[in-house]
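Working through the structure, step by step
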Amino acid sequence: MGRGAQVVTVAGDARDGAAGRPAGGGGTTAPTGPAGAGGGDGGGRAEGVRGVARLGRALRAVPVPLALIAMTGLAGAVLGRVYAGPLLTWLVLGAAVGSVLVSVAARRLPSWLVAPVSVLAMAGWTAWSLRLTATRAELPGGLAEVTADAAANGIPRLLTAMIPVEPTPDTVLVPLVAAWLAGLAGAEVAMRAGRVLLGYLPPVLLYAAALYVVGPNADPAIGPTLALVAVAALGLAVPAGGTATAGVDPAAGLAPAVRAAVRARLAAASAAGLAVVVGLVALLGPLLAGQVDGRPVDPRRYVEPPRVETLDENPLIRISGWALNPGQQLLDVRTQRSGPPGSVPAEEPGAIPGPEAGRPVPIRLAVLSDYDGVTWRVGATYRNAGRILPATAPARDSTVETVRQEITVAGLSGRLLPAVATPREVTGARVAYDPTTGTLIRPEGLTPGLRYSVTSALETPDANLLGTADVPAGEEVARVLRVADGVPDPLRRLAAQLAESNGAPYARAAAVEQFLAEHYRLVADAPSGHAYPNLNFFLFGPRNAGGQRGTSEQFAAAFAVLGRLAGLPTRVVVGFRAAGDGPVRAGDAYAWPEVLFEGLGWVPFDPLPRPDEEPRPVEEDFRPAPEEPPPSEVPEPTVEPTATPQPAAAPGGPAGSGGPSTALLVGGGTGGVLLLVVAALLALLLMRRALTRARLRRGDPAQRIAGAWREVTDALRLAGHPAGGDLSASEVAAHARAVLPSGTDVEELAGLLNQTAFAPGTATAEQASRAVTTAGAYVAALRAARTWWRRLLWSVRPGPLRWHR
């Protein structure tokens, strides 16, 4: 009995040793004494050996998971350099830890079960991360709405977001999912399949993708790249197998001849691998070294950022429409202002009012920098932005006032989002931002009831520096200095006259502002338009014909064009006046010009006339060009006529006119036009009748039935009740009956059409005649139900001649 127990114990120890005891330990010799005498000490020693072996295996299994976690986390650290704050890096590191630990914990499960378990864990981590980022960004909506929006727009918003990117659900979803999947794939290949080097491929690809997304928007990632290589090398250097196999000759125990062959093959394989590595280094090394100082490709240039709608491309043309309906409520505004006390600049022409409580706060809607001689356009590049917008350093000696506004959209449409310049923080709405102009859009468009809050830094330049300030030049400002071709000559002469006596840039701008304010009248009913001909008429047209009067559209556009002709970088801004809290109406909308001064930034000007001043005639201060050249100092000799001049013919008389009279020309032209119109109508009438005859009288019965059906459908279109192209014949017949309840029923005609379609060759001549009669009766009844002038035009409308079947 005792001996049998001892044998079983030895067998069990042998099986345990095969799993965990080092080779060479030998089998445990069965104790020679009774079972209870020496079995306890031997079992304790064996259990200790097995524990040490298990601990050794656990320690040897740690480096590879740690390497995978570190490599995936480094990808998040590289990508996090273009994000605001370290949140994305920590979230990606959490995804790396979670994905690898799930694979480690599920290593005893079947391989097909690991992926679903890991995906469930990924869903939990992702949901928690999206909720966290949505809460931090103060985004409205529930988790399901936020997740759906992030899943639908994650990639484009990531590539169009403004740098630094704020961690929001749509900008963290893709990195989180990619990091989790990379960790899962790497852990399964490296730990379950035992291919450590191949398991490094997913984290390395993730790291390369992070470098590509960052592009030239951050410093070279030399440190993280070296750390990635070091971590990978550490994971490969630590043996994954047991210590018994470490350093053991794989050819040991073989016959001498076989052992020599194996060693030769191993040496050849090692040499070949070394040669391949050296060759790749020699081939790719110079190429990679040459790219070290190169500028990476920015993937954002391949993705189109959010754009404004056609309505918002030139909001300047909306000024006249708003002026005609001044009571329409567009916004509701609540304003809080805070700034340095007593910081009110001097009242000079062109100086914007300082941060004094009670004065209107200009709310910007759009900044228009591009002008082609016909229209001003926004031309901004908007990037998806988070709650915190990038800040810029204020100009020297300027006064900065913090303005906080809560704005509720009422009747304003489009995508442009109103805000005081320059916005620094936006909550309550997802926005895209153009840092060049400091304007916002809402890519989804404005909707009534939308409420958002904006914190802006309203900057006021020092008025004492304007008089000596210069304007910048060069390629950076060529866009706002460009003057399109086709400038009318009076505009050039006026700009030259205003600039010739004012050398300093600010003096030139003030002269243009003063000239417009003193000579032109502000009205609400002036037609919209700011092309060169419109501005020429606004500036020099006769007053009794509507010239020298306009809305703020013409004042701002004229200032900007005259300023550019005088060498000033200008642009036009469209916005609203908001005097305190309350509604902002269409009558508060206006446009104003701005001039760029070096070191001071964009300075607004107000060329609008004062309400209590009567405009002076333009001719008092503008010297028009002489219509004839001045006479020569030396008089030319006169030549006496040698023949008596013929008397002038009376108006309209043929004698001496040298051509037909005006009345004859007008009468002939009018008659010719009438003849052409009559000929065109007659041609259309004949063509329509020929088409009807061809449909109803030519071809076999099936073709005549189809032609009758086309007559009915064309009649419905002519009557303004077209049948949908997706309707069946029976549905079209029902539609025709609904259009003309008292008319001829075309159900039989629909049945004949279905017969020709599904039973070709079965239609008879009698059926075709009935179809023609039915169609003619229905068309005649439908035409008779129209008004007299529609009946008159029925037969000459060209639609049936060009409508495709």
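Residues numbered from 1 in each chain as written. Predicted model: local features only at pLDDT ≥ 70, side-chain atom pairs only at ≥ 80, totals over all residues. Heavy atoms only, no water.

To continue, consider helix H20 (residues 729-739). Along H20, the residues that are buried comprise Ala729, Val732, Ala733, Ala736 and Val739. The buried residues of H20 occupy an angular sector of 120 degrees when projected down its axis, which confines them to one face. (Buried < 20%, exposed > 50% of the residue type's maximum accessible area, 1.4 Å probe, protein only. Helix = DSSP H or I, 4+ residues; strand = E, 2+ residues; numbered from the N terminus. Arc of directions from axis to C-beta.)

This brings us to the sheet that holds strand S9 (residues 423-427). As summarised here, the arrangement of the 5 strands in space is S9-S12-S6-S1-S16, forming an open sheet in which the pairing is antiparallel. Two strands lie at the open edges of the sheet, namely S9 and strand S16 (582-585), each paired on one side alone. Each strand of the sheet is rotated relative to its neighbour by a mean of 30 degrees, with strand direction disregarded. Sheet analysis places strand S6 (residues 399-409) next to strand S12 (residues 451-460), joined by 10 bridges and oriented antiparallel. Note on S12: the bridge partner recorded for Thr408 is Arg451. (Pairing = 2+ DSSP bridges. Axes fitted to C-alpha atoms, helices over the stretch in contact; angles between N-to-C directions.)

Our next topic: the nonpolar core. Trp322, Leu331, Trp376, Leu412, Leu539, Phe576 and Phe597 are the most contacted members of the largest nonpolar core, which has 84 residues in total. With 8 residues, helix H17 (residues 552-565) is the largest single contributor of residues to this core. Setting aside chain neighbours within four positions, we find Leu412 in contact with Arg318, Trp322, Leu330, Leu331, Leu365, Pro418, Leu446 and Phe576. Membership of the second largest hydrophobic core comes to 44 residues, among which are Ala95, Leu159, Val165 and Val213. (Core = buried A, V, L, I, M, F, W, Y, C linked by side-chain atoms within 4.5 Å. Contact = heavy atoms within 4.5 Å.)

What follows deals with the packing of aromatic side chains. The geometry of an aromatic ring pair is captured by the separation of the ring centres together with the interplanar angle, meaning the angle of the planes. What the rule picks out here adds up to 12 aromatic pairs. Judged by centre distance (5.7 Å) and plane angle (50 degrees), the ring pair of Trp322 and Phe576 falls under tilted. With Trp322 in helix H13 (residues 318-324) and Phe576 in strand S15 (residues 570-578), this residue pair connects regions lying 254 residues apart in the sequence. Each member of the pair, Trp322 as well as Phe576, carries the same accessibility label: buried. Through successive ring pairs, a cluster of aromatic residues spans Tyr506, Phe559, Phe597 and Phe605. In this structure, Arg571 packs its charged tip against the face of Trp602, placed 4.0 Å from the ring centre. (Phe/Tyr/Trp six-rings, centres within 6.5 Å; stacked < 30°, edge-to-face > 60°. Lys NZ or Arg CZ within 6 Å of the ring centre and 35° of its normal.)

Turning to empty space enclosed by the protein, a few remarks are in order. Using the criterion set out here, one finds 4 cavities of 30 Å³ or more in the structure. Estimates place the volume of the largest cavity at around 180 Å³. Around the largest cavity, the lining is made up of 21 residues, and of these Thr168, Ala385, Gly386, Arg387 and Arg430 lie nearest the centre. Of the residues contributing to the lining of the largest cavity, the split by class is 9 nonpolar, 6 polar and 6 charged. Taken together, Arg364, Leu417, Ala419, Val420, Ala421, Pro423, Gly438, Thr439 and Leu440 make up the lining of the second largest cavity. If you list the elements that add at least two residues to the lining of the second largest cavity, you get strand S8 (419-420) and strand S11 (439-441). Class assignment of the residues belonging to the lining of the second largest cavity gives a composition of 6 nonpolar, 2 polar and 1 charged. (1 Å grid on protein atoms, 1.4 Å probe; cavity = no way out; pocket = protein on both sides within 12 Å on 5 of 7 lines; lining within 4 Å. Points joined across faces, edges and corners; volume = space filled by probe spheres on them. Nonpolar A, V, L, I, M, F, W, Y, C, P; charged D, E, K, R; others polar.)

What follows deals with the packing of helix H4 (residues 87-105) against helix H5 (residues 111-137). Helix packing geometry: the angle between the two helix axes and the distance between the axes. The geometry of H4 relative to H5 is characterised by a closest axis approach of 10 Å and an angle of 160 degrees between their N-to-C directions. As summarised for this structure, H4 and H5 are arranged roughly antiparallel, according to the angle between their axes. Note on packing geometry: the crossing formed by H4 with H5 is right-handed. Residues Leu87, Leu91, Gly94, Ala95, Val102 and Ser103 of H4 pack against Val114, Val117, Ser118, Ala121, Trp125, Trp128, Ser129, Leu132, Thr133 and Arg136 of H5. (Parallel < 35°, antiparallel > 145°, perpendicular 65-115°, else oblique. Left-handed = near helix turned anticlockwise from the far one by under 90°.)

The next thing to look at is the packing of helix H3 (residues 63-79) against helix H7 (residues 169-192). Contact geometry for H3 and H7: axes closest at 10 Å, N-to-C directions at 160 degrees. It follows that H3 is roughly antiparallel to H7 by the angle criterion. Read as a crossing pair, H3 and H7 show a hand that is right-handed. Contacts between H3 and H7 involve Val64, Pro65, Leu68, Thr72 and Leu79 from the former and Pro175, Ala179, Gly183, Gly186, Ala187, Ala190 and Met191 from the latter.

Right, let's talk about the sheet that holds strand S18 (residues 601-604) for a bit. Strand order in this open sheet of 5 strands is S8-S2-S15-S17-S18, and the pairing throughout is antiparallel. Edge positions in the sheet fall to S8 and S18, since each has one partner strand and no second. In terms of strand pairing, strand S17 (residues 589-597) meets S18 through 4 bridges, oriented antiparallel. Opposite Leu596, over in S18, you have Trp602 as the bridge partner. In the packing of H17 onto the sheet, the strands contacted are S15 and S17, and the crossing angle to S17 comes to about 15 degrees.

This part takes up the pairing of S17. Counting buried residues along S17, 9 of its 9 residues qualify, which places the element largely inside the surrounding structure. In S17, alternate side chains face the same way, and those of Ala589, Ala591, Pro593, Val595 and Phe597 on one face and Tyr590, Trp592, Glu594 and Leu596 on the other are all buried. Bridge count for S15 against S17 is 7 bridges, and the pairing is antiparallel. When the bridges of S17 are listed, Arg571 appears paired with Glu594. What sits between S17 and S18 in their antiparallel hairpin is a turn of 3 residues, with Gly599 showing a positive phi close to 85 degrees.

Excluding glycine, a negative phi dihedral is what most residues carry, and trans is how most peptide bonds are arranged. Look at the link from Ala421 to Thr422: it is a cis peptide, with omega at -5 degrees. If you trace the backbone, Thr422 turns up in the loop between S8 and S9. In this structure, Gln548 takes a positive phi of about 60 degrees despite not being glycine. Looking at the element boundaries, Gln548 is found in the loop between helix H16 (532-540) and strand S14 (549-550).

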